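# Overview (structure and organization)
So you can see what is in the structure, the chains are spelled out below.
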Amino acid sequence: MKQSIKIAARTLVEYVFRSGSIETGFRSSQPLVDGTKAHQKVQKTYGKNDKKEVYLKTEIPFEEMTFQIDGRCDGLLISEDGSLTIDEIKSTSGSLDAITEDSYPVHWAQATVYGYIYATNNDLDKINIQLTYIQVRTEEKKYFQRSLTREELADFVMDVVAQYAPYARLRLELKRTRDESTKMLAFPFESYRDGQRKLAGAVYKTIHEQKTLFAKASTGIGKTISTIFPSAKAIGEGHLEKIFYLTAKTITRTAAEEAFRLLQEKGLAITVVTITAKDKICFQEQVNCDKTECPFANGYYDRINGAILDILQNETLMTRPVIEKYARKHTVCPFEFSLDLAYAADAVICDYNYIFDPKVSLQRLLDEQRKKSALLVDEAHNLVDRAREMYSATVEKETFLAIYRMYKDENEVIAKSANAVNEYLLEKKKQNQQLEKELDEKLVHLVDAFAYAAEEELMRGGEAEELLLNGYFSAQAFVKIARLYDKRFTSYMTLEGSDVQWKLFCLDPSHQLKQMGKGFRSKIFFSATLTPAGYYMDLLGGKAEDYVVSIPSPFQRENAEVLIQPLSTRFRDREHTLDPMVQFIVHLLQQREGNYLVFFPSYKYMLQVYDRFTASAPQEKVILQETGMTEERREDFLNSFKENEERLVGFAVLGGIFSEGVDLKGDRLSGVIIVGVGLPQIGFERDIIKDHFQANGHNGYNYAYVYPGMNKVLQAGGRLIRTDTDHGTIALIDDRFLQPMYQELLPYEWQHYSVGGKASGFSRG
């Protein structure tokens, strides 16, 4: 019995002719863009008998397989003499002069497959194939046409299928073993923790019913395995084909890798790839994707298919070290390699931006693939501010001034366009209009014109000036975000010396998150601190019909002693309360054993307390979080916390790298002290966020300051109780913890607190 493979024509030819695909990295030099509007403009020029968006489908037997190939051709043109032409439209932001008939074999391949399907289905002896390129700004068009016989079409398509067949055969075998293993897969532990079964059940139900879930699941419940396991089972039941596990931090990516590794050890046959940021995984001393400078980029497309077949035949958990090993073996760029593997793997572990950021996302995910994919969004509370970054963009006057000076004697077009932006920003500075709700269309037009000029220069080849390249990417990002601009955005100016920066700032990312997540079968947002639920549902694009579940801690709350010391940590009071605070911390440590983490709202405040603390308690061993710590230094910091050794006190920043996603189980950590309620520093951006939500019927101060701040507090406190055998102390230092607004945000597990030192034998100070 032949095995059936359903595949889109575009997917088929992009595997065989990868060099024409549009992606990130060194492929970003490709001028082609997805331009729906440009396509529609071409289609409006069609004659009355011509057809657009024609669906085509055929079956091709090949060896032991049957390929079901389908797709939509952009146009089917019917001439007066009855001859037929398949039209494939491609839009570009670059110059059409740079495109020749042979520039993009993949486009000919896609159109030829469509021609074969139509000719075969309609018993035609020959058909014309046309490529139509349209410049998105000028709407200039360029056409190339070939006439192919039915035999020529068949020979070409069978050759493409033959090249794809080894990969298809491997994918079929991997899918067969995967599906069999998922049906047999059992939960990897002897029993579920309290609440764990409820979370796993909610995730499965959400995927089964094609819904969205917001899950607040307390620290220590085992959220990673409780979301991945039911998703794997959903694959076995035919509901899913792919899982995306999205994270904000490296340490949570490691937890996901370990969960998949555990399931694989229990028999799950699933392929998993982790995408590591380009600047971390690049083999070069400095990231340079120029093919003349990087041997891993040069000839990448000639070797990538062999590399993919090799790694899929021999590996199932493709972590960074594994990808690096095979990338060196096949001399391919490890970052681009991981992106290509993401389309082949059953599960992808990556940063949020590969799905939600319009400048970075995995663009080749077709609608059909999205319908069979689930998003598991870990530590989803982080996505709010991350999304604001994704949907914001800035241009700087100094950059355009520097480009103008560099090119004024070399390239008049670039110099003129760069100077136009420079002078316009200078004029905005003179106007002193700091905040604008409406999009400045003239600025966008000027920046877009510069991007066009820069792109033409970059497309000529040769060694690109880093300044021009950075300016081009900055301009492209600015224009892209400008296209998203609506009532949820604002624009503002900042001045740094002689520089002028103009920022398009996303105040409310909910709509854009919803748009970028559209088409996926299910989205599961989960965190220990999705509190209050309404706030996170509002900002993460939730709807009334979405599922919501809140799962309490499985551990006895008596495992944690909770103290509130009502000292003011407000900026104006810090000098006055510094000594009482240090005295409280010293006394607490004197009466308790074990390692402690102390979290502060800023580095500066942390250093102030550190100086007083080390003078008051010279016997205590203290380590400090440093700014810009490398991954190795972070690991050293965490590995310093050991059981049954000399006590260690770690000073760290609230909301920083050590306040979430860190597991110091057992006696490695005996207490957490949190200084302050975590409010973001009062500033211009936070205030305009506050004003925006206040004007839209919400408590603006809570949305901008209180909820994000308390989330940091809850995350930091969650470092303490990680298993049912963990015990320890959580001390909260700030008088605001006793105010009703903050009390409502404290979890049930912390509500048995004692106030001040007296209840525990301490002086109030």
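Notes on the structure follow. Throughout this description, residue numbers start from 1 for each chain and increase along the sequence as written. Given that this is a predicted model, residues contribute local features only at a pLDDT of at least 70 and side-chain atom pairs are listed and counted only at 80 or more, while totals for whole chains, interfaces and linings are drawn from all residues. Think of the side-chain values as coming from all heavy atoms in the structure, minus any hydrogens and water.

## What about the overall build of the chain?
Here is the rule we go by: Helix numbering and strand numbering both begin at the N terminus, where a helix is a DSSP run of H or I of at least 4 residues and a strand a DSSP run of E of at least 2. Note on method: radius of gyration uses C-alpha positions; expected globular size equals 2.2 Å times residues raised to 0.38. Burial here depends on accessible area, computed with a 1.4 Å probe over protein chains only, as a share of the maximum for the residue type. Under 20% is buried, over 50% is exposed, and the range in between is partly exposed. Should any heavy atoms of two residues lie within 4.5 Å, those residues are considered in contact.
Looking only at helices and strands, the chain features 26 helices and 26 strands. A globule of 765 residues ought to have a C-alpha radius of gyration of about 27 Å, and the chain, at 29 Å, matches this closely. Evaluated residue by residue, the chain yields a buried proportion of 56% over its 765 residues. At a minimum sequence separation of 6, the contacts of the chain that also span at least 24 residues come to 78%.

## Quick notes on the packing of helix H15 (residues 397–407) against helix H18 (residues 466–482)
Where we set the bar: Throughout, an axis means a line fitted to C-alpha atoms (over the contacting stretch in the case of helices), and angles, computed between N-to-C directions, take values from 0 to 180 degrees. Should an angle lie under 35 degrees it is considered roughly parallel, over 145 roughly antiparallel, and from 65 to 115 roughly perpendicular; all remaining angles are considered oblique. By definition, any crossing whose near helix is turned counterclockwise from its far helix by less than a right angle is left-handed, and any crossing with a clockwise turn is right-handed. Amino acids are sorted into nonpolar (Ala, Val, Leu, Ile, Met, Phe, Trp, Tyr, Cys and Pro), charged (Asp, Glu, Lys and Arg) and polar (every other residue, Gly among them).
Where H15 contacts H18, the two axes come as close as 10 Å, and the packing angle between them is 140 degrees. With respect to H18, the axis of H15 lies oblique. Crossing angle aside, the handedness with which H15 passes H18 is left-handed. Here Thr399, Ala402, Ile403, Met406 and Tyr407 of H15 lie close against H18, whose contacting residues are Leu467, Leu468 and Gly471. A per-class count over the contact of H15 with H18 returns six nonpolar, two polar and no charged.

## A word on the sheet that holds strand S16 (residues 489–496)
Note the threshold: Note on pairing: DSSP must find at least two bridges between two strands before they are called paired.
Pairing in this open sheet of four strands is antiparallel, and the strands run S14-S17-S16-S15 from one edge to the other. With one partner strand each, in any of the chains shown, strand S14 (393–396) and strand S15 (435–436) form the two edges of the open sheet. Inspection of the sheet shows S14 paired to strand S17 (residues 499–506) by four bridges, in the antiparallel sense. Along S17, the bridge assignment pairs valine 395 with tryptophan 502. Contacting S14, S15, S16 and S17, helix H16 (residues 412–431) crosses the sheet at an angle of about 85 degrees to S17. Here H18 sits on the sheet and contacts S14, S16 and S17; the angle it forms with S14, its principal contact strand, is near 135 degrees.

## A word on the pairing of strand S25 (residues 728–733)
The side chains of a regular strand alternate between the sheet's two faces. A large share of S25 lies buried, amounting to six of its six residues. Burial of the side chains of S25 extends over both faces: Gly728, Ile730 and Leu732 are buried on one face and Thr729, Ala731 and Ile733 on the other. Sheet topology note: the strand S20 (residues 560–565)/S25 ladder contains six bridges and is parallel. Residue pairing across strands places alanine 560 opposite glycine 728, the latter belonging to S25. Relative to S25, strand S24 (residues 671–675) runs parallel, the two sharing five bridges. Bridge pairing in S25 links valine 672 to isoleucine 730.

## A word on helix H3 (residues 105–121)
What counts is decided by this rule: In this scheme, a helix's expected span is set at 1.5 Å multiplied by one less than its residue total.
Here H3 spans 24 Å end to end across 17 residues, near enough to the 24 Å set by a 1.5 Å rise per residue. Of all the 17 residues making up H3, 14 are buried; the element is thus mostly covered by neighbouring parts of the structure. Backbone geometry just downstream of H3 places aspartate 123 in the positive-phi region, at approximately 55 degrees.

## Quick word on unusual backbone geometry
The omega angle of the peptide bond from threonine 531 to proline 532 is 0 degrees, so this bond is cis rather than trans. Note on placement: proline 532 falls in the loop between strand S18 (522–527) and helix H20 (533–539). The phi torsion at glutamate 63 lies on the positive side, around 50 degrees, for a residue other than glycine. Among the structural elements, glutamate 63 can be located in the loop between strand S3 (51–62) and strand S4 (65–78).

## Some details on a negative patch on the surface
For clarity, the cut-off: Here a patch means residues that are over 30% exposed by relative accessible area and free of salt bridges, tied together within 9 Å if like-charged and within 5 Å if nonpolar (Val, Leu, Ile, Met, Phe, Trp, Tyr). What sets the accessible areas is the Shrake-Rupley method with a 1.4 Å probe; for residues, cover comes only from the shown protein chains. Salt bridge, as applied in this entry: a Lys or Arg side-chain nitrogen positioned within 4 Å of an Asp or Glu carboxyl oxygen. Positive charges come from Lys and Arg alone, negative charges from Asp and Glu alone, with His and the N- and C-terminal ends not counted. Where a charge lies is defined by one atom per residue type: Lys uses NZ, Arg uses CZ, Asp uses CG and Glu uses CD.
Negative charge collects at one region of the surface, where Asp125, Glu151, Glu152, Asp155 and Asp159 lie side by side. Of the residues examined, aspartate 155 reaches a relative accessible area of 57% and is grouped as exposed.

## Some points on the packing of helix H21 (residues 574–590) against helix H22 (residues 603–616)
Running from amino to carboxyl end, H21 crosses H22 at an angle of 55 degrees, the nearest separation of the two axes being 10 Å. Of the possible angle classes, the one that applies to H21 and H22 is oblique. H22 is crossed by H21, and the crossing has right-handed handedness. For the pair H21 and H22, the contacting residues are Arg574, Glu575, Leu578, Asp579, Met581, Val582, Ile585, Val586 and Leu589 in the first and Tyr605, Gln608, Val609, Arg612, Phe613 and Ser616 in the second. Residues belonging to the contact of H21 with H22 are distributed by class as follows: nine nonpolar, two polar and four charged.

## Points about the packing of aromatic side chains
Where we set the bar: We call Phe, Tyr and Trp rings a pair once their centres come within 6.5 Å, taking the six-membered ring for Trp, and we label the pair stacked below 30 degrees between planes, edge-to-face above 60, and tilted otherwise. Sitting over a ring, as applied to charges here, requires NZ of Lys or CZ of Arg to be within 6 Å of the ring centre and within 35 degrees of the ring normal.
Applying the stated criterion across every chain, the model contains 32 aromatic pairs. Consider the rings of tyrosine 300 and tyrosine 301, whose centres lie 5.5 Å apart with planes at 85 degrees: the pair is edge-to-face. Between the aromatic rings of phenylalanine 600 and phenylalanine 651, the centroid separation amounts to 5.1 Å while the plane-to-plane angle is 50 degrees, which identifies the pairing as tilted. In this pair, phenylalanine 600 is assigned in strand S21 (residues 596–600) and phenylalanine 651 in strand S23 (residues 648–653), connecting sequence segments 51 residues apart. Considered together, phenylalanine 600 and phenylalanine 651 belong to a single accessibility category, that of buried residues. An aromatic cluster of at least three residues, connected via ring pairs, comprises Tyr535, Tyr536, Phe693, Tyr703 and Tyr707. Sitting over the face of the ring of phenylalanine 283, arginine 328 holds its NZ or CZ atom 3.8 Å from the ring centroid. The lysine or arginine in question, lysine 428, covers the ring of tryptophan 502, its NZ or CZ lying 4.2 Å from the ring centre.

## Description of helix H1 (residues 9–16)
Counted residue by residue, H1 has six buried out of eight residues, so it is predominantly covered. Inspection of H1 places Ala9, Leu12, Val13, Glu14, Tyr15 and Val16 among the buried residues, and these make up the whole buried set.

## Points about the pattern of salt bridges
Per the counting criterion, the structure on display carries 42 salt bridges. In this structure, the salt-bridge partner of aspartate 385 is arginine 686, at a minimum N-O distance of 3.1 Å. Separated by 301 residues along the polypeptide, aspartate 385 in helix H14 (residues 383–390) and arginine 686 in helix H24 (residues 684–695) bring together distant segments of the chain. Looking at aspartate 385, the relative accessible area reads 32%, which means it is partly exposed. Classification of arginine 686 by relative accessible area gives buried; the value is 14%. One salt-bridge network, in which partners are shared between bridges, spans Lys175, Arg178, Asp179, Glu241 and Asp346.

## Some details on the state of the cysteines
Using the following cut-off: Here, the term disulfide refers to a pair of cysteine sulfur atoms separated by no more than 2.5 Å.
Inspection of the entire model under this criterion finds zero disulfides. Not part of a disulfide, cysteine 294 finds its nearest cysteine sulfur in cysteine 282, a span of 6.0 Å.

## Notes on the pairing of strand S5 (residues 84–92)
We count it as follows: Crossover handedness is defined here as right-handed if the route from the first strand over the helix to the second strand goes clockwise, with the strands pointing away from the viewer.
The buried count for S5 comes to nine of nine residues, which makes it a mostly enclosed element. With burial as the criterion, each face of S5 is covered, one bearing Leu84, Ile86, Glu88, Lys90 and Thr92 and the other bearing Thr85, Asp87, Ile89 and Ser91. In this antiparallel pair of consecutive strands, S4 and S5, the connection spans five residues, and glycine 82 shows a positive phi of 90 degrees. Pairing analysis gives eight bridges linking S5 to strand S6 (residues 126–135), with the strands arranged parallel. By the bridge assignment for S6, serine 91 is matched with isoleucine 134. Handedness of the crossover is the feature at issue here: the chain leaves S5, passes through H3, returns alongside S6, and the resulting connection is right-handed.

## Quick notes on the sheet that holds S24
Spatially, S22-S23-S21-S24-S25-S20-S26 is the arrangement adopted by the seven strands of the open sheet, whose pairing is parallel. Across the chains shown, the open sheet's two edge strands, defined by having one partner strand only, are strand S22 (621–624) and strand S26 (754–755). Bridge count for S22 against S23 is four bridges, and the pairing is parallel. Bridged to leucine 624 within S23 is phenylalanine 651.

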